[in-house]
Amino acid sequence: MGKILQYLGRYKAAVLCIILLLVVQAYCELSLPQYMSDIVDIGIQQGGVAHASPDEMRKSTLENLCMFLDEEGEKTLRDSYTENAEGNFERISMKQEELEALDELLGMPFAVMSAMAEGMGLDGDGLHALFESGQVTREQMLELQRQGMEGMEEGDGAAITQRASLAVRSEYEAMGWDLGAYQNRYMARTGAKMLAMAVVMMAASILVGLLAARVSARLGMELRGEIFQNVVSFSNREMEQFSTASLITRSTNDIQQVQMVAVILLRMVIYAPIIGAGGIVKVLSTKTGMGWIIGVAVGSIILLVGILMSVTMPKFKKMQALVDRLNLVSREILTGVPVIRAFSREKFEEQRFEGASRDLMKTQLFTSRAMSMMMPAMMLIMNCITVLIVWFGSKGVDLGNLQVGDMMAFITYTMQIVMAFLMITMVSVMLPRAGVAAKRIDEVIRTKGTVPDPAHPAKAPETGWKGNVAFEDVSFAYPGAGEPAISHISFTAEPGKTTAIIGSTGCGKSTLLNLIPRFYDVTGGRVTMDGVDIRDLGLKELRGLIGYVPQKGVLFSGTIASNLKFAGNVSEETMEEAAKIAQAESFILEKEEQYESAIAQGGTNVSGGQKQRLSIARAIAKNPKVYLFDDSFSALDYKTDVALRKALADKTKDAAVIIVAQRISTILHADQIIVLDDGEIAGIGTHRELMASCETYREIAASQLSERELKETSEEAGKGVPARPEAGQEPPVRPEAGQEPPAKRNAGQEMQESPNGAGRKEGGALE
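*Asks:* Any chance you could explain the overall build of the chain here in plain terms?
*Replies:* On a plain count of helices and strands, the chain comes out with 28 helices and 17 strands. Residue burial in the chain is summarised as follows: out of 767 residues, 46% are buried. The long-range share in the chain, meaning contacts at least 24 apart out of those at least 6 apart in sequence, stands at 77%. Of the accessible surface of the chain, which amounts to about 38,400 Å², a share of 56% is contributed by carbon and sulfur atoms.

*Asks:* When you look at the layout of surface pockets in this model, what are you seeing that I'm missing?
*Replies:* Picture a little ball the size of a water molecule; that probe, rolled over the atoms, points out where space is still empty. What the largest pocket holds in volume is close to 2,100 Å³. The set of elements that each furnish at least two residues to the lining of the largest pocket consists of α9 (179-232), α10 (236-242), α11 (244-269), α13 (291-335), α19 (539-544), β9 (546-549) and α23 (608-621). The element that contributes the greatest number of residues to the lining of the largest pocket is α9, accounting for 5 residues. Of the residues belonging to the lining of the largest pocket, the class tally is 22 nonpolar, 12 polar and 9 charged.

*Asks:* Can you help me understand a negative patch on the surface in this one?
*Replies:* Residues E483, D677, D678, E680 and E699 make up a contiguous surface patch of negative charge. Summarising the element assignment, E483 is placed in the loop between β4 (469-476) and β5 (486-493). Taking the relative accessible area as the measure of exposure, E483 reaches 66% and is therefore exposed.

*Asks:* Would you take a moment to explain the packing of aromatic side chains for this structure?
*Replies:* In this description, an aromatic ring pair is defined by two values, namely the gap between the centres and the angle between the planes. Counted by the stated rule, this structure contains 10 aromatic pairs. Centroid distance Y172 to W177: 4.3 Å. Interplanar angle 10 degrees. Geometry classified as stacked. Ring centres of F476 and Y478 lie 4.9 Å apart, and the angle between their planes is 80 degrees; this geometry places the pair in the edge-to-face category. What links up through ring pairs into an aromatic cluster is the set Y172, W177 and Y182. Taking NZ or CZ as reference, R618 lies 5.9 Å from the ring centre of F566, over its face.

*Asks:* Looking at this model, I keep getting lost on the sheet that holds strand β7 (residues 524-529). Mind explaining?
*Replies:* What holds strands together in a sheet is hydrogen bonding between their backbones, with the strands either parallel or antiparallel. Ordered by their spatial adjacency, 4 strands build an open sheet running β5-β4-β7-β8, and the pairing between neighbours is antiparallel. If you trace the sheet from one side to the other, it starts and ends with β5 and β8 (532-533), each paired once. Summarising the sheet, β4 and β7 pair through 5 bridges and their orientation is antiparallel. Within β7, the residue paired with A470 across the bridge is T528.

*Asks:* I'm lost on helix α3 (residues 59-67) in this one. Help?
*Replies:* The α-helix advances 3.6 residues per turn, and as a result positions three or four apart in sequence lie on the same side. Burial runs high along α3: 7 of the 9 residues are buried. Within α3, the full set of buried residues consists of S60, T61, L62, N64, L65, C66 and M67.

*Asks:* Sorry if this is basic, but what is going on with the side chain of Q46 here?
*Replies:* You can see Q46 is positioned in the loop between α2 (12-45) and β1 (56-57). In this view, Q46 contacts D41, T161, Q162, S165, R169 and Q403; residues no more than four positions away in its chain are not counted.

*Asks:* Even after reading the chapter, I still don't get the packing of α9 against α11, so can you show me in this structure?
*Replies:* Geometry of a packed helix pair, given as the angle between the helix axes and the separation of the axes. One way to put it is that α9 packs onto α11 with a least axis distance of 9 Å and a crossing angle of 155 degrees. Classified by the angle between their axes, α9 and α11 sit roughly antiparallel to one another. As for how α9 packs across α11, the hand of that crossing is right-handed. In this structure, α9 uses V208, G209, A212, V215, S216, A217, L219, G220, L223, R224, I227 and V231 to contact α11, whose residues at the interface are L247, R250, S251, I255, V258, Q259, A262, V263, L266 and R267. In terms of residue class, the contact of α9 with α11 is made up of 14 nonpolar, 5 polar and 3 charged.

What counts, and at which threshold
Residues numbered from 1 in each chain as written. Predicted model: local features only at pLDDT ≥ 70, side-chain atom pairs only at ≥ 80, totals over all residues. Heavy atoms only, no water. Helix = DSSP H or I, 4+ residues; strand = E, 2+ residues; numbered from the N terminus. Buried < 20%, exposed > 50% of the residue type's maximum accessible area, 1.4 Å probe, protein only. Contact = heavy atoms within 4.5 Å. Areas by Shrake-Rupley, 256 points an atom, 1.4 Å probe, with all protein chains shown as cover. 1 Å grid on protein atoms, 1.4 Å probe; cavity = no way out; pocket = protein on both sides within 12 Å on 5 of 7 lines; lining within 4 Å. Points joined across faces, edges and corners; volume = space filled by probe spheres on them. Nonpolar A, V, L, I, M, F, W, Y, C, P; charged D, E, K, R; others polar. Patch = residues over 30% accessible without salt bridge, like charges linked within 9 Å, V, L, I, M, F, W, Y side chains within 5 Å. Salt bridge = Lys/Arg side-chain N within 4 Å of Asp/Glu carboxyl O. Lys, Arg positive; Asp, Glu negative; His and termini not counted. Charge placed at Lys NZ, Arg CZ, Asp CG, Glu CD. Phe/Tyr/Trp six-rings, centres within 6.5 Å; stacked < 30°, edge-to-face > 60°. Lys NZ or Arg CZ within 6 Å of the ring centre and 35° of its normal. Pairing = 2+ DSSP bridges. Axes fitted to C-alpha atoms, helices over the stretch in contact; angles between N-to-C directions. Parallel < 35°, antiparallel > 145°, perpendicular 65-115°, else oblique. Left-handed = near helix turned anticlockwise from the far one by under 90°.

Here's what the structure looks like:
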């Protein structure tokens, strides 16, 4: 809840405007029951007579009223009326407070005077004659009024008000007024006020809805932007910390929860206490003596909500974690469908998905069932309160202590108070889940990348960047790992030369490569670019110098052209040249739309070899100073590999090339080969040097090459002669030990293999 309010704090002006509109809406809504009460009590029961002080009265009536007042009251009465041309006295214009004071002054005198006139069978003139003759003294009149005042305190004034209004109505009738028209005017006037209040309330409600929708939509957009901006700056360490499935859930489902609750907070939660407090004030002002019923209602609701929240809160917190797990399982299954089918694991994966889905369903069912009790319980409380009000209110009406309209208004105000708590309770169903979602969002936003941009980036050399990459006693350990992945690595990759990295699986080849673009930061030593520590370079500038081809080709939805121009500021000529070098031009031009051909998400509509060539072309089009190839030729057939390397050698004459490879044939003629063994350098040198000095390299070579090939490649490497067939030549196939080379290929497939025994590739299967 606190995080959601913190997010809404960004839009103080809009929230303040919403609060003001809600106050206007609440004022109008709270005014309607009073108008309804006035229509019933005044418009219907009292014939439209709203005040105990008549709008106009006869002179005799004025004199009779003065008999019931002391000298100060008489002066106030005479000052409040002025004589008109007809000899009657009209009430002067006065403020509402003055009018209410005058009503209070004349209410009891009018009621007593009316009762005396009825009891004695006298009209106003006869009553005045008794006073003038001395049969009735002023002291007797004041005593009658004092007794009436005591009765009013006991009866709460309802009977006195009705008696006074009847007396005023009789006065109007005596003056010849059309009482029906007078009543209709009051009803029309009050109805018009109700209609105006309803229109203002509707307008305020519409504006609140509009502003709340805009604020929540903008909040959702900004939170998504902040999460995305922060996630893009994450290193691999932070990505592994959260997992892709969790980040997707936080960016979509969690923000949707916060956005939905933000609308409800602005439209309902803020409104509920306003209408509730206003309803309590109105209830207290009715003076019905039934305020204790409100206390019973509020206490019952608070008890109900407290019980439900204590039961459901832990489940709401668990629900988001279960959504994460369901997303994770779904993503794994959908991305691994080919493997699942290949191993006939459909049933197992279905059961795994069903288990995750069922766990979420059980939690949702528990919370839904628990919260489903809330509405019936609330309705029971509301109905019981209504029965209590009607029961005790009807007794008050019967005793003359309460008017019907006041009882109706009291019921309406009570329902408004209960509904305010009901709104808060309904929102409380969503608040726990939204609160958890807000914390999860905030966790991503507040997580700072462990590979930050330097505050004061180093400047480029005056002669420009050359692309000289040097590792100086570099060590690196993954977060939480007990041992370092690589230790004390030192070498230099110079421009115009090819540096190859080879070693067994898991020896740290890709880890070493990932340190150059700062996907991770070293934990020991340093990596330099032209003598400058890469940690002192801005990330954008550093990565602008690097052309990176990952081990697994990654393409983005769009077109071939949009993928090849991914680096930005790539011309058509540069793009086409890069495609030609990467040997991708042939299959691109075969497509109907050529470079504008669509690429599906993840490149699923192209083969593995095509995807790899497009990834290589994308890096070439960038024209970087350093090329990083992370085993990026594994999906290519031998002929394509040969052609690509030859074209790439001409393109990268002035750039440093660093290749991670599994096959010796890929790195045979590298200027230097770095052999890694268990995260440490086992040897550095050319192929021939390593064959002579490095046992680890000899073991790798022996596992991939025959004795004849070992001898040939060593001799050719020493002479600088490529151990590859010329274009158009059929590469020889290495025979098995003690066997002749196979004379036939598998039906329908060309089994191609490098002459150094790098392993078979099915020509065409990868294209």
